[in-house]
Amino acid sequence: MQSRTVRLGLLAAVIVAAVVLFIVLKNDNSNESSHTSKGLQVLTVDNGQPVGGVKTLTYNKGDQVELEVRLNQPEEEIHVHGYEIEKPAEHSPVRLSFPANIDGVFEIEVHRLDKTEGPIAELHVNP
Amino acid sequence: MRGRTTRVVIGAACAALITALLFPAVASAHALVGRKDLPVPSWLFAWGASVVLVVSFGLLSVAWTEARLQREHWRPVAAWLSTAVLNPVTQVICGLIGVGLWFLVLYAGFRGIEDPTQNFADVFTFYTFWLGLVLASVLLGDVFRVFNPWRAIGRLISGGFRLVAGQSAPAPLSYPEGWGRWPAVIGVLGFVWLELIEGGGASPSPHQIAVATTVYSAITFACMLLFGADEWIRRGETFNAYFGMFSQLGPFEARDGRLGRRKFLTGAPQWAAVPGAAALVLASIAVTSFDGAQEGVFTDEISWTLHRASDLGLSPPNAFRAANAIWLLITYAGISGLYWLGIRGMHTVRGSPPVRELGRSFAHTLIPIALAYLVAHYFSAFLYQEQAQFTYILSDPLGHGSDLFGTAGGGINYGIVGSNTVWYVQVAALVIGHVVALTLAHDRALATYDDVNRASRSQYFMLAVMVGFTCFGLFLLSQSNV
């Protein structure tokens, strides 16, 4: 009696595990996280808004992040969360260069002169 | 008979998983925290989910046949230890600390800097208090009880009244039995409304936290007057009920002024015998899920609802509030629906008690899952925010530039835990919570049904429910990890 339960149980486990693996592997095809950003990345900010939406920049830990933020008007600063990099942004372009030495997801924000702030890119650093 | 039930269960488990997997995928942002976690990688998700299934069925097949966790064997610890922990002096000191922190939240909220990351009110309320006390409750027992500022103030006032009038103040009303833990359910939803929704798209401002604290305190004091101070704190006060729920998993509990210990988990089975118990633990799971899904799997749905709300003429913050409140309630309904569906399934087993009673009697088995969800979702954020709490927030609680303890220059080291550690802790928490929940459910089934076979059969349904919860938790983490 009990061993039948075990067998059925294992069978169920295998079936569901297979379903999970199948769906996950299927999703993996559309997953672009393995492509990392290389070289100088340019972000354009018009009137405090990122042109083309909030871009995701992906790096592997240890890579050098090279960013150029082009602005059409003076802003207060560009702020990289987590790394706590704050660069004054009175003049365009603003250049940022730092090693990606903390893994995780970090927001890059523009702090505007009117004291509001908004995301312009998302930094993904893979471990 | 057994074969048919098994097939039904396998079907249900697969259905639950597939529904979970069909949710759309997006990614996103948390407000107070500078670093967010990368989503749990697909392979780890698949691995975690498979382990959950294999372990679940394995556990059922080797499980014991007589209930072992239903009696708690609470035993007092040595008298000197009990006295050292629970004497009137420590009670007064802890009460004073609680009232002091409560006052500081109000003061920092009304008078401090408006930047939530720099203000004591936000960091303390949402991390040190809301998450830290859950951890402390599991490890040390119901510690919030002695720090509870509302209880301390209530005791002071009723003590003063006794001194002047020579007798206790009579409570005008008795606490309605049917209310049970429902006031706490409303309180938990309200707290999470404040944390995730009230800010209208941003973190709640310290001012909003102070206002909410004032409103909650006013309601609490009014209810203490109506139903009696001790009675309301014991049964109706949200945080007492919420942290008390988690303390049931741990070994320590004070009774009649004496500290005692029991076996792990044996406190939980008694906890659920009150109306609203299931609703409270489901609310905890739902609000954590909502936090994980708000800027992850539900982003598109919420923004769609937000646009409809804007079309109706709501201002942007109000449209945000309306859309998120709707999705919070949908999450709660979905989580509750899954649980009650499992209970209905279980009810088909011969010899089951009525559905409502059955649902209540298994409510405590979800506490480990609620705890696992909290650990999985907040572990890294908690580590970061506690660094803030004990460096710059400690020395400069108002954000006005003071440096009380010389730690104002400190900051958060986001390198303290790497993504790999975070992922493993998250998956391990969910898997362990799942196993503990199944253990509690199996034990309760043995106590509920007079026959071991029926007990095991009833547990296929519980197993489907819990596999659903755990895989949904894993899925949320694999989509966006904020």
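Please read all numbers here as calculations on a predicted model, not as lab measurements.

Chemist: I would appreciate a short explanation of the pairing of strand β4 (residues 64-71) of chain A in the present structure.
Modeler: In summary, the side chains of a regular strand alternate between the two faces of the sheet. Residue and element names in this part refer to chain A. Burial along β4 is one-sided: the residues Val 65, Leu 67, Val 69 and Leu 71 are buried and none of Gln 64, Glu 66, Glu 68 and Arg 70 is. In the sheet, strand β1 (residues 40-46) pairs with β4 via 6 bridges, with the strands oriented parallel. Bridging across to β4, Val 45 finds its partner in Leu 71. Taken together, the 6 bridges between β4 and strand β7 (residues 94-99) define a ladder with antiparallel strand orientation. Among the inter-strand pairings, Val 69 is bridged to a residue of β7, identified as Val 94.

Chemist: What should I look at first to understand helix α6 (residues 132-140) of chain B in this one?
Modeler: Working note: α-helix, 3.6 residues per turn, so residues spaced by three or four point in the same direction. All names here are of chain B. Residues of α6 that are buried: Leu 133, Val 134, Ser 137 and Val 138. All buried residues of α6 lie within an arc of 135° about the axis, which places them on one face of the element. The secondary structure elements touched by the buried residues of α6 are α5 (120-129), α7 (144-147), α12 (238-247) and α18 (367-389). A positive backbone phi angle near 100° is found at Gly 141, which sits one or two residues after α6.

Chemist: Teacher, can you tell me more about the environment of Ile285(B) here?
Modeler: Residue and element names in this part refer to chain B. Structurally, Ile 285 can be placed in helix α14 (residues 277-294). Assessed through the 26 C-beta atoms surrounding it within 10 Å, Ile 285 is described here as buried. Separated by 184 residues in sequence, Ile 285 and Phe 469 place their C-alpha atoms 8.8 Å apart.

Chemist: Would you mind showing me how to read the sheet that holds strand β3 (residues 252-255) of chain B here?
Modeler: Strand pairing within a sheet occurs via backbone hydrogen bonds; the two strands may be parallel or antiparallel. Residues and elements named next belong to chain B. Taking strand neighbours across the sheet as the criterion, the 3 strands line up as β2-β4-β3 in an open arrangement whose pairing is antiparallel. A single partner strand is all that each edge strand has here, and the edge strands are β2 (75-76) and β3. In terms of strand pairing, β3 meets strand β4 (residues 258-261) through 4 bridges, oriented antiparallel. Of the residues in β4, the one forming a bridge with Arg 255 is Arg 258. On the sheet, helix α3 (residues 79-86) packs against β2, β3 and β4 and is oriented at approximately 120° with respect to β4.

Chemist: For this particular structure, what's the right way to read the nonpolar core?
Modeler: Soluble, globular proteins show a tendency: their nonpolar side chains are buried together. Grouped together as the largest cluster of nonpolar side chains are 149 residues, with contacts concentrated most on Leu280(B), Val281(B), Leu282(B) and Ile285(B). Viewed by domain, this core spans two of them, domain 1 (1-31) and domain 2 (40-126) of chain A, each represented by three or more residues. Setting aside residues no more than four positions away along its own chain, Leu282(B) makes contact with Ile335(B), Ser336(B), Tyr339(B) and Leu366(B). Counting 7 residues, the second largest nonpolar core, distinct from the first, contains Trp150(B), Cys223(B), Met224(B) and Ile233(B).

Chemist: Please clarify how the packing of helix α9 (residues 182-197) of chain B against α14(B) should be interpreted in this entry.
Modeler: Two measures define how a pair of helices packs: the angle their axes make with one another and the distance between the axes. All names here are of chain B. Two numbers describe how α9 lies on α14: the axes approach to 9 Å, and their chain directions differ by 10°. Put simply, α9 runs roughly parallel to α14. α9 and α14 meet at a crossing whose hand is right-handed. On α14, the residues that touch Trp 182, Ala 184, Val 185, Val 188, Leu 189, Val 192 and Leu 196 of α9 are Ala 279, Leu 280, Ala 283, Ser 284, Val 287, Asp 291 and Gln 294.

Chemist: What's the story with unusual backbone geometry in this structure? I'm lost.
Modeler: Most peptide bonds take the trans form, and the phi angle of most residues other than glycine is negative. A cis amide bond, omega -5°, links Ser92(A) with the succeeding residue Pro93(A). Of note, Pro93(A) is situated in the loop between β6 (85-88) and β7. Residues other than glycine seldom take positive phi values, yet His73(B) does so here, at roughly 50°. Structurally, His73(B) can be placed in the loop between α2 (42-62) and β2. For Leu265(B), which is not a glycine, the phi torsion comes out positive at approximately 75°. On the secondary structure map, Leu265(B) appears in the loop between β4 and α13 (268-271).

Thresholds applied
- Residues numbered from 1 in each chain as written.
- Chains lettered and ligands numbered in written order.
- Predicted model: local features only at pLDDT ≥ 70, side-chain atom pairs only at ≥ 80, totals over all residues.
- Buried ≥ 20, exposed ≤ 12 C-beta atoms within 10 Å, placed from the backbone.
- Helix = DSSP H or I, 4+ residues; strand = E, 2+ residues; numbered from the N terminus.
- Pairing = 2+ DSSP bridges.
- Arc of directions from axis to C-beta.
- Contact = placed C-beta atoms within 7 Å.
- Axes fitted to C-alpha atoms, helices over the stretch in contact; angles between N-to-C directions.
- Core = buried A, V, L, I, M, F, W, Y, C linked by C-beta atoms within 7 Å.
- Domains from an automatic or database assignment.
- Parallel < 35°, antiparallel > 145°, perpendicular 65-115°, else oblique.
- Left-handed = near helix turned anticlockwise from the far one by under 90°.

What is shown is where atoms sit, not what they do.
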